[in-house]
Structures are given as structure tokens and as C-alpha cells.
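# Notes for the structure review
Okay, here's what each chain looks like letter by letter:
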Amino acid sequence: MAGRINDDDVKAVRDAVPIDAVVSEYLQLRNAGGGNLKGLCPFHDEKSPSFQVSPSKGLFHCFGCQEGGDTIAFVMKIDHLSFSETVERLAAKAGITLRYEEGGYNPGHQRGERIRLIEAHKVAAQFYADQLGSPEAEIGRAFLAERGFDQAAAAHFGVGYSPAGWDHLTRYLRGKGFSDKELILSGLSQDGRRGPIDRFRGRLMWPIKDVGGEIVGFGARKLRDDDNGPKYLNTPETPIYKKSQVLYGIDLAKKDIAKVSRAVVVEGYTDVMACHLAGVTTAIATCGTAFGGDHIKILRRLLMDNGSARVIFTFDGDSAGQKAALRAFEDDQKFAAETYIAIAPDGMDPCDLRLAKGDEAVVDLVQPRTPLFEFALRQIVKRYDLETPAGRAAALDEAAPVVARIKNIGAQHEVAVQLAGMLGILDTQFVVKRVAQLARWARDRGGKGPERQQGPQRGYDTVRALVTELAVETIFAKTVDEAYAGDQLVTVRLRAVDRRIRDVQGTLARLGAQGDPEQLAAVQNELWVLTQYGQSLRNNGAAAL
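All figures in this text were calculated on a predicted structure; none of them were measured in a lab. (Residues numbered from 1 in each chain as written. Predicted model: local features only at pLDDT ≥ 70, side-chain atom pairs only at ≥ 80, totals over all residues. Heavy atoms only, no water.)

## A look at the overall build of the protein chain
- For the protein chain, the count of helices and strands is 22 helices and 16 strands.
- When burial is assessed residue by residue, the protein chain has 46% of its 545 residues classed as buried.
- The long-range fraction of contacts in the protein chain, counting pairs at least 24 apart against all pairs at least 6 apart in sequence, stands at 64%.
- Within the structure as shown, the protein chain displays about 27300 Å² of accessible surface, and the carbon and sulfur contribution to it stands at 50%. (Helix = DSSP H or I, 4+ residues; strand = E, 2+ residues; numbered from the N terminus. Buried < 20%, exposed > 50% of the residue type's maximum accessible area, 1.4 Å probe, protein only. Contact = heavy atoms within 4.5 Å. Areas by Shrake-Rupley, 256 points an atom, 1.4 Å probe, with all protein chains shown as cover.)

Rendered as C-alpha cells:
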């Protein structure tokens, strides 16, 4: 095993690679005054920047989670590397040849696991790129040409081709010194009957890079009818590739995302290419998975969640695209940025749109127009018959909790007013109050959302207010005994029952004579039970409790 890296070389690496340049590959930094820079901490979730970098001292520190150190410590922490792996990576960037205390240079096969897997992917990417020019890859070049991508576009995005044979890449990587174990671990090869074989065969290949620009996986598109695999085949989960934590095109888009505080999320590799070539250089895509929380964390660090930040989602107009949009909306409140959705009138994706109508149409498509929350609400509302009171009530029951999730009170009020308009409910304040009540319930329950309750228990927040009211009420009775306590409990219970009766009467009025007979009967039965219970409390006092 190679010895310890020479101390002078470690110092040379630390001095040669500016800490702000390294950190800027992962998050947006802004002036914090005094020569320091600030950004959203990549090591814990936060909404206001507490992460600071001092370029003059070569140090970083987060005042929120207390992580800190130099350039090497930052890379070790964020990329989960060992000390030697980190120094080797930074040395390669700085063009520094490392010396080891026990003599000699560090052979490639003795480097850390992550470094080896990254190198294997880098070699594979070049192999695939070279193969794109082969006679066999004509079908791949035709695929690209039909979608408006020339040789220069393919080179810019590193697109390549995997030969159709069983083990072309595997044999090539073996010749470069990679072991079978490394090839299987990397996901580039898989076990065959007689040893490792290529995972990707006869497909168009897109290299997938992490935010630091390292190739960590591939996306492979089927080209031939006799290929029985899925349309798109991605690298499996590996030590360096987690599909929920990578965004295709982030390496190309990150600087412009940070510069203009805008990100465009599209659905596929060709859509990213089409957007960038059309001038929308902030486009990125997920890799074979839904857009989720880890993706949001990556973007938030680049957007820095300032007031002008925008995230625009583009989805196909079909049902699958609509479902994807609704899934994205589930995580919407994890953004401080405003989120929008863009769907071409004829349902075309950015790649098809560029072919049919040119670059300008793609640029126009991703201009923020329809807020994502508005799209989500319209998808809910359109499932109900808004011509009937029952339909409007049911739509409100499903849509109001969605609006209540909006954290900004001013925005929540504004959207509630819009929801009333969508539903055709003239009493706007009724909808606004309903949303506000649901939001209060959610806050009281620790953000878990409103809890549906039956009978008198449903007025619990209301009851809590009454309890506090009674707790501070001046006691006029000469003695506080069991009878006095019973009277107060009756008062609390009666108020809760009366409020619930009013709620049920409102439901009954909205259902009307045309409502579902079974539902009408259930509501009428609840009203009868509540009325009887209220009368018993009035007549019998504490004995009815």
C-alpha cells in the first residue's frame, strides 16, 4: 500500500486550490462583507445563509451546524472521501504530482474506491464518445440528427455509443488496469455466465455528472427494435451514483442557475440538450426518477432562495406528465423560490418543440406563467361537478388543505381568493376562513396537517381556546367545588356541540335535496344526535356529561 502523502505536497495542494472556487462548484456564494462570502449550508437544511467562506484564510464555517475547516475538509465532507482521496482529486485539478513518504508514486490501482470508480467512468465516457463515429453507430447518429442535434452538439454534451457486442467496454477497461470487481461495482459491467459483460450494449449514451463535474453514471437510450430492454436504462445505484441525488446537466447549468436565480426542470436528456442549444442554459433533468427532496436541496444551494428565485417545471401534457407535476407540487413548499409549470399548447416536449417551431418557441415556453400551485388546484377542481353545491363543497374539501400548506400567509390568502373564483363560490371570505382554519390546525399539530374528526371532538382547537378562557376567568363563586367544576365543563361541552351543529347544518345545506341519499342520511343522523345531546346537557347539566 502506498505511504502517506508528503506534507509539503499537501500544503501545495491546499494553497493551489482556492476554497471559494471549490465551494462555488456546489453552492452559490455572495458577498458577506469583510472579504467573506456566504451561502446556504450544504451540510444541513436552512433557509437563510449561515455558511461563510474566507478566501483569504482558506477556511469555511457554518454558524448553524458548526461544520468548518479548509478546502480539503470541505471536499472530504461533501463528497464523502478520505483525506488521501481528497488530496489526490484536488492535486489532479491543480496539476500537482504527489510524492509519498514510503517512496515512489501512488499507482492507479492503489487509489481510493471513489477515485477509481470516477476514473473508470471517465475512461468509459471517452470510449463511448469515440464509438459514436463508428459505422455501427450510424443508427445513433441518425437518432440525434432527427432531433436536431449535430456532431458539435453531441460533443458538447459528451454523447456516445455503446457497441452491441457483449464485452467491448469490459475488455477495454480491463486493458486500462481496472479489475473485474471495480467494473461490477461501478455499474459499467454486470455478471454474465462466463464473467463480466457490458451493462450497456447498442445504445446511445449520455454521461451523467455530479455538481462538481465528475462523471458518476450513464443514461442509455434504446435504438433497435430487437433490444428487449427498457426505452431508457440508467446506471444502477453504486457508491458514486444515487439517482435521487443527481441532476442531468447540472454541471453545465449551475453557473447560470446561480447567476440568474432560475432553474428549468425538464423530463429527459434530449430536452436538456434542446433547451441549452436554444439558449435556455439553466435546464436540468432528473435521471429515471421523480423530482424529489434531494434534488431540491441541490437547486436551493444554487438559487440561494432569494426573493426573485424561480423554478419552472416542463412536463408533457399527457396524464403521466400531469401526475409528474402533481408529484413535484408535493415538495413545492420545500422551495423558497416560486415554482411554475410550462406545458406547450399541443403537449410537445422542448425537444419536439424546438424541431417544430425553433429556438424562440423553447425560450418562450419556459417563461414563468402558470404557478405550480394553480396547476395543481385546477387538476383537483376539474374532477368535480362545479355546477352543483355538492360538487363545489367536495372540491373545496380536497383543495383547501392544499392551499393551507402554503407557508407565506399573504400568498396563502391570495391563493384562497383564487380558489374561491375557480370553484365559483361567491362568498370569498368563507373560503379564506376555511383555509386559514386548516392552516392553524396544521400549525397546532406540528405541521402534520388537519386531522379529520367526528362529532363534538372536531371543534378541539376552538375548545382549547375556551379552556384557556376559563382558566383566566374571574371566579365569582364563593367556593370552587365539584358542582362549580361540573357547570364549567357543561359550558365548554355545550359550546363545542353548538359549533359542531352549525357545521353540520352548513354541510346539510350544501348537500341539498339532490345529494347522495346515504350521505344525506348520515349527516341528518349526526345532526339529530348532536341536537339530542345538546338538549340533555341543558336539561340535566353535569349529569349528562
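## Regarding the packing of helix α4 (residues 83–94) against helix α5 (residues 113–131)
- Contact pair α4 / α5: the axes reach a minimum separation of 9 Å and the direction vectors enclose 35 degrees. The segment α4 lies against α5, with E85, E88 and R89 engaging E113, R114 and I115.
- Split into classes, the residues belonging to the contact of α4 with α5 amount to 1 nonpolar, no polar and 5 charged. (Axes fitted to C-alpha atoms, helices over the stretch in contact; angles between N-to-C directions. Nonpolar A, V, L, I, M, F, W, Y, C, P; charged D, E, K, R; others polar.)

## Concerning the pairing of strand β8 (residues 195–198)
- Strand direction decides the pairing type here: strand β7 (residues 189–192) and β8, joined by 4 bridges, are antiparallel. Bridge assignment links G192 to a residue of β8, and that residue is G195.
- Remark: 2 residues form the turn of the hairpin made by β7 and β8, two consecutive strands paired antiparallel. (Pairing = 2+ DSSP bridges.)

## Details of the packing of aromatic side chains
- Applying the stated criterion across every chain yields a total of 14 aromatic pairs.
- Summarising the aromatic geometry, the rings of Y128 and F218 are spaced 5.1 Å apart at their centres and angled 90 degrees between planes, so their arrangement reads as edge-to-face. Taken together, the residues span a long stretch of sequence, with Y128 in helix α5 and F218 in strand β10 (residues 215–222) at a distance of 90 residues.
- Seen in terms of ring centroids, F291 and F313 are 5.2 Å apart; in terms of plane orientation they differ by 85 degrees. Their pairing is edge-to-face. A residue pair is termed long-range when its members are at least 10 positions apart, and F291 in the loop between β13 (283–285) and α12 (293–303) and F313 in strand β14 (residues 310–314) qualify at 22 residues. Exposure class is identical for F291 and F313. Each is buried. (Phe/Tyr/Trp six-rings, centres within 6.5 Å; stacked < 30°, edge-to-face > 60°.)

## Description of the environment of L247
- Its place among the elements puts L247 in the loop between β11 (232–234) and α10 (250–260).
- Of the residues examined, L247 reaches a relative accessible area of 1% and is grouped as buried.
- Distance from L247 to A285, taken between C-alpha atoms, is 5.5 Å for residues 38 residues apart in sequence.
- Setting aside residues up to four positions removed in sequence, L247 forms contacts with K209, I284, A285, T286, F291, H295, I298 and L299.

## Topic: the sheet that holds β10
- Across the sheet, 4 strands lie side by side as β6-β9-β10-β11; this open sheet has antiparallel pairing. With partners counted over all chains shown, the strands left at the sheet margins are β6 (160–162) and β11, one partner each. Along the sheet, successive strands turn relative to each other by an average axial angle of 35 degrees, direction set aside.
- Relative to β10, strand β9 (residues 203–209) runs antiparallel, the two sharing 7 bridges. Counted as the bridge partner of W206 is G219 from β10.
- Across the sheet, α5 touches β6, β9 and β10, and the angle it forms with β10 is around 35 degrees.

## Considering the pattern of salt bridges
- Considering all chains together, one arrives at 24 salt bridges under this definition.
- We note a salt bridge from D7 to R4, for which the minimum N-O separation is 2.6 Å.
- Each of R116, E119 and E182 takes part in one network of salt bridges that share partners. (Salt bridge = Lys/Arg side-chain N within 4 Å of Asp/Glu carboxyl O.)

## Brief notes about the environment of A285
- Checked against the element boundaries, A285 lands in strand β13.
- Discounting residues that sit within four places of it in the chain, A285 has contacts with L247, Y248, V266, E267, G268 and V272.

## As for α10
- Restricting attention to buried positions, one finds in α10 the residues I250, A253, K254, I257 and A258. Looking straight down α10, one finds its buried side chains confined to an arc of 135 degrees; they lie on one side. Residues of α10 that are exposed and angled more than 90 degrees away from the buried face: K255 and K259.
- Looking at the packing, one finds that the buried side of α10 touches β9, β12 (262–266), α11 (269–278), β13 and α12.
- Within two residues after α10, S261 carries a phi angle of roughly 55 degrees, on the positive side. (Arc of directions from axis to C-beta.)

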